[in-house]
Amino acid sequence: MPARLASFPKPWLRLLAAVVGVAAAATLAVAASYLSQMAEPYLRTAKVGSTVLAKTLCSGVFVSHRVPEAVRAEDLSGPDYKPLEHFKWNVDLAGKRAKASYCLLGTRVTISCFIETQTAIFRDGLGCTVVDTTEDALRSQSAGLPPPAPASNPEALWPDGEGVDLEAIPAGVDRAALEAAMKAACAEPDEKRPRGTRALVVVYDGRIVAECYGAGFDAKMPLLGWSMAKTATNTLVGLRVQDGKLAIAKRALLDEPEWRAGGVKSGIALDELLRMTSGLVFNEDYDAEDSDVRQMLLSESDKSGYAAARRLKHTPGTYWDYSSGTTNIIARVLRQSFADEQDYLRYPRERLFVPIGMSSAVFEPDAAGIFVGSSYLYASARDWARLGLLYLRDGMWQGKRLLPEGWVKYSLTPAPHAPDARYGAQVWLKLDSGATGDSPDLGEPPFPEDSYYMLGHDGQIVSIVPSRDLVIVRLGLTPGSAWDPARVLAPIVQAFPPRS
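Calculation criteria
- Residues numbered from 1 in each chain as written.
- Predicted model: local features only at pLDDT ≥ 70, side-chain atom pairs only at ≥ 80, totals over all residues.
- Heavy atoms only, no water.
- Salt bridge = Lys/Arg side-chain N within 4 Å of Asp/Glu carboxyl O.
- Helix = DSSP H or I, 4+ residues; strand = E, 2+ residues; numbered from the N terminus.
- Buried < 20%, exposed > 50% of the residue type's maximum accessible area, 1.4 Å probe, protein only.
- Pairing = 2+ DSSP bridges.
- Axes fitted to C-alpha atoms, helices over the stretch in contact; angles between N-to-C directions.
- Contact = heavy atoms within 4.5 Å.
- Polar contact = N/O pair within 3.5 Å; in protein donor to acceptor, adjacent residues only side chain to side chain.

1. What to know about the pattern of salt bridges
Tallied over the full model, the rule gives 27 salt bridges. One salt bridge connects Asp 302 with Arg 332, and the closest N-O pair in it is separated by 2.9 Å. Separated by 30 residues along the polypeptide, Asp 302 in the loop between helix 8 (292-299) and helix 9 (303-308) and Arg 332 in helix 10 (residues 324-336) bring together distant segments of the chain. On the accessibility criterion, Asp 302 (24% relative accessible area) is partly exposed. Two residues, Arg 346 and Glu 350, come together in a salt bridge whose shortest N-O distance is 3.5 Å. Placement of both Arg 346 and Glu 350 in helix 11 (residues 341-356) is noted, with a separation of four residues, approximately one turn of the helix. Where salt bridges share partners, they join Glu 162, Glu 211, Arg 382, Asp 383 and Arg 386 into one cluster.

Next up, the structure:
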């Protein structure tokens, strides 16, 4: 102890020590708070980066059956992904998991790769989910779920099986025009702005008449549809309505206090969720780091719970706003219509995928056990075409009604207040400018007026053209404006005669 402090009477010495201790503690608390505020954006970036890497690698390897290096190089490269150079990743093929961590001192200094480690695990039939609590807790959700069944009759002609005869072009189709249009649509005319087409399938008169696949991709590979999953979520609601377990007029939809009878959100009807007129605030801007859609998809383990907690700003039914959060609330409503979690997790496969032959389809849930109805449905291009054909056939499949009579008509009725009547119930009715990030600036689309669409991020599209008896599916990875579906796919449509 310094002499000048030792000369103090002991009570004063203790008081001085206490004062110094409090001041030091306060200084440390302020410093810690300041450092925490400084570190928060870096930690958020680290968590988002680790989540993106782990989830994309897991789904790409274990759902799409691609090699890890190809997923990293093809799906997670370019200027937008440059920060991922600071992350280390690993795919455990035996354990069916992928991990990613931020490396404080660079990926070469392995000891520094410990910040915000995220792990995504694969579960048969449920795809990949980022771990929130423990792997065992997540794996218990899938215990007892039957594995996906293979196609029952793969040799039969599509859609009954996977057989395709591209030479059997029906009369009236302009074969030369179709071949030229397909060649142009599958080409890469500008190396600096690659289209990144991975699959293109054309269905006419109920049969596949043309298809092409990018290098490394094939007819059996399940690929991510992004927001095209919203139409699949609509389909599950329709099936649940057919079961007598849901009604679109239903209100007080969730068990959360704000949503129960008398709560501030109790007046929101299922119909208003389906039509994007719930009145809930939700920022759908993928480019804004603090947007709701990025927070929900990249940071939240309970995605539908996050969306359901958003503030009610408008009277339900009076304001249209495209929102991925809204679709995830619908997935939560679906979950609460089941008493048993496993009955819910089996439902898409048992009531939709198996009946129409979507044997490749995988709908991924989040860590809370709720399907990410806005975004995380993987299926082959041929299986996406089956979903489109179900709508083209008014909800009928092989002569049997799957969706309620009038459900497709309901889905295609323009939502109140949707600009230019461009949106129905989880289905796009027009390819025009300014809709969302999913709907590029197309000017005047040269598609027939009765066309409607499933649209997804990075250029995913299922076009359904009743007047030509057509379904066209295009899957790829096309950031920015390199892909213009209306102009690229229009020549394909024009190769087919109008329905008589």
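2. Points about the sheet that holds strand 13 (residues 460-465)
In a beta sheet, neighbouring strands are held together by backbone hydrogen bonds and run either parallel or antiparallel to one another. Spatially, the five strands line up as an open sheet ordered 6-5-14-13-12, and their pairing is antiparallel. Where the open sheet ends on each side, the last strands, each with one partner, are strand 6 (207-213) and strand 12 (452-456). Averaged over all adjacent pairs, the angle separating strand axes in this sheet is 5°, with direction ignored. Alignment of strand 13 against strand 14 (residues 470-476), held across five bridges, turns out to be antiparallel.

3. Quick look at unusual backbone geometry
Of note, the amide linkage connecting Trp 158 to Pro 159 takes the cis form, showing an omega dihedral of 10°. Relative to the helices and strands, Pro 159 is located in the loop between helix 4 (135-142) and helix 5 (175-186). One non-glycine residue, Lys 96, lies in the positive phi region at around 55°. Relative to the helices and strands, Lys 96 resides in the loop between strand 1 (87-92) and strand 2 (97-103). Not every positive phi belongs to a glycine, and Asp 458 is a case in point at roughly 65°. Counting through the fold element by element, Asp 458 comes out in the loop between strand 12 and strand 13.

4. Describing the side chain of Thr 326
By the element assignment, Thr 326 lies in helix 10. Overall, Thr 326 belongs to the buried group, its relative accessible area being 4%. Discounting chain neighbours no more than four positions away, the residues touching Thr 326 are Leu 273, Met 276 and Ser 278.

5. As for the environment of Arg 351
By the element assignment, Arg 351 lies in helix 11. Along the backbone, Arg 351 and Leu 239 are 112 residues apart, and their C-alpha atoms lie at a distance of 7.3 Å. When neighbours within four sequence positions are excluded, Arg 351 is seen to be in contact with Leu 239, Gln 242 and Asp 243. Within the structure, the side chain of Arg 351 is placed 2.8 Å from the side chain of Asp 243, a separation counted as a polar contact.

Remember, this is a structural readout, not a statement about activity or role.
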